[in-house]
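Fold and contact review
Listed below, chain by chain, are the residues.
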Amino acid sequence: SAGDPAAGEKVFRKCQACHAVGADAKSKTGPALTGVIGRPAGKVEGFSYSPALTKEAEAGLVWTPDKIGEFLTNPKGFLPGTKMSFAGLRKDQERADLIAYLATFP
Ligand code: HEM
């Protein structure tokens with residue numbers, strides 16, 4: 001069913017060791033995720049992306065809900081060589097909720 005941002009806020013706990021989101025969010029181990037939905041990949045200023053992510057960004061990867069969903073299902077499967085050390089979110093509803101949450105930070 002459609003993503004629930006309140007449920008997604010809880011799913012985002014799995015990301016918070018490495019990512020912040022919100023108006024004043026700073027990059028940590030991972031880039032700040034404010035405004036990431038719909039944005040071209042690899043655009044957070046000052047963040048040092050992997051060569052793998054940089055290459056896909058140059059090839060035109062945009063974090064649409066579909067693409068971010070594919071990435072989060074299996075990060076290293078979708079983007080071999082990524083330095084994002086995260087096993088992935090296999091549950092469709094968790095991803096839908098998380099993406100709805102991220103979309104509340106344009
Ligand atoms: C990159 C989301 C979990 C570390 C990214 C990007 C997204 C993302 C959308 C690409 C951003 C861009 O292109 O600017 C998430 C979400 C997570 C999660 C929603 C939780 C479900 C984690 C965890 C870690 C991590 C747990 C650390 C252990 C990183 C790193 C990158 C990255 C280092 C840069 C990847 C590269 O340059 O290859 N993440 N992430 N992320 N994330 Fe995550």
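How each quantity is defined
Counting of residues starts from 1 at the beginning of each chain's written sequence and follows it residue by residue. Local features in this predicted model are restricted to residues whose pLDDT is 70 or higher, and side-chain atom pairs enter the listing and the counts only when it is 80 or higher, whereas totals over whole chains, interfaces and linings include all residues. The side-chain values count all of the structure's non-hydrogen atoms but skip hydrogen atoms and water molecules. The helix and strand labels rest on DSSP assignments: H or I over at least four residues marks a helix, E over at least two residues marks a strand, and numbering proceeds from the N terminus. Only C-alpha atoms enter the radius of gyration; for comparison, a globular chain is expected to reach 2.2 Å times N to the power 0.38, where N is the number of residues. Buried means the residue's accessible area, taken with a 1.4 Å probe over protein chains only, is under 20% of the maximum for its type, while exposed means over 50%, and partly exposed covers the values in between. Excluding water, the donors of a metal are its N, O and S neighbours within 2.8 Å, or within 3.2 Å for Na, K and Ca, and that exclusion means sites may look incomplete. Every angle between 85 and 135 degrees makes a four-donor site tetrahedral, while opposite donors more than 155 degrees apart, with all other angles between 65 and 115, make a four-donor site square planar and a six-donor site octahedral; other sites are irregular. What makes two residues a contact is simply this: any of their non-hydrogen atoms within 4.5 Å. Proximity criterion: a residue is near a molecule or strand once any of its heavy atoms comes within 4 Å of it. Pairs of N or O atoms within 3.5 Å make up the polar contacts considered here, provided that, within protein, one atom can donate a hydrogen while the other can accept it, and that residues adjacent in sequence are counted only when both atoms are side-chain atoms. When residues are grouped by polarity, Ala, Val, Leu, Ile, Met, Phe, Trp, Tyr, Cys and Pro land in nonpolar, Asp, Glu, Lys and Arg in charged, and all others, Gly among them, in polar. Salt bridges are counted wherever a side-chain nitrogen of Lys or Arg sits within 4 Å of a carboxyl oxygen of Asp or Glu.

Here we take up the overall build of the protein chain. Check the secondary structure of the protein chain and you find 5 helices and 0 strands. In the protein chain, the succession of α and β elements from N to C terminus is α-α-α-α-α. Against the 2.2 N^0.38 benchmark of 13 Å for 106 residues, the protein chain shows a C-alpha radius of gyration of 13 Å, consistent with a compact globule. The dimensions of the protein chain, computed from C-alpha atoms along their principal axes, are 35 × 30 × 25 Å. A total of 106 residues make up the protein chain; the buried ones form 39% of that total.

Looking at the metal site, the iron atom of the ligand is ligated by His-19 (NE2) and Met-84 (SD), spaced 2.0 to 2.2 Å from it. Coordination at the iron atom of the ligand comes from 6 donor atoms whose angles at the metal span 87 to 178°, giving a geometry best classed as octahedral. Taken together, the residues span a long stretch of sequence, with His-19 in the loop between helix H1 (5-11) and helix H2 (51-58) and Met-84 in the loop between helix H4 (75-78) and helix H5 (92-102) at a distance of 65 residues. This pair shows no difference in class: His-19 is buried, exactly as Met-84 is.

Okay, H5 next. Three- or four-residue spacings in an α-helix give side chains the same orientation, since the helix completes a turn every 3.6 residues. Most of H5 sits inside the fold, with 8 of its 11 residues counted as buried. Against H1 and helix H3 (65-73) lie the buried residues of H5.

Take the site of the ligand next. Around the ligand, 25 residues are found, and the nearest of them are Cys-15, Cys-18, His-19, Ser-50 and Met-84. Thr-82 is positioned with one of its side-chain polar atoms (N or O) 2.7 Å from an oxygen atom of the ligand. Here the shell around the ligand takes 3 residues from H3, the largest share from any one element. Its residues assigned to classes, the shell around the ligand shows 16 nonpolar, 7 polar and 2 charged.

The next point concerns the pattern of salt bridges. All told, the structure shown has 3 salt bridges when counted by the stated rule. Put simply, Glu-94 and Lys-14 hold a salt bridge, and the shortest N to O gap is 3.4 Å. On the criterion of sequence distance, the pair formed by Glu-94 in helix H5 and Lys-14 in the loop between H1 and H2 is long-range, its members being 80 residues apart. We classify Lys-14 as partly exposed; its relative accessible area is 45%. For Glu-70, the salt bridge goes to Lys-67, with nearest N and O atoms at 3.8 Å. In this pair, Glu-70 and Lys-67 both sit in helix H3, 3 residues apart, roughly one turn of the helix.

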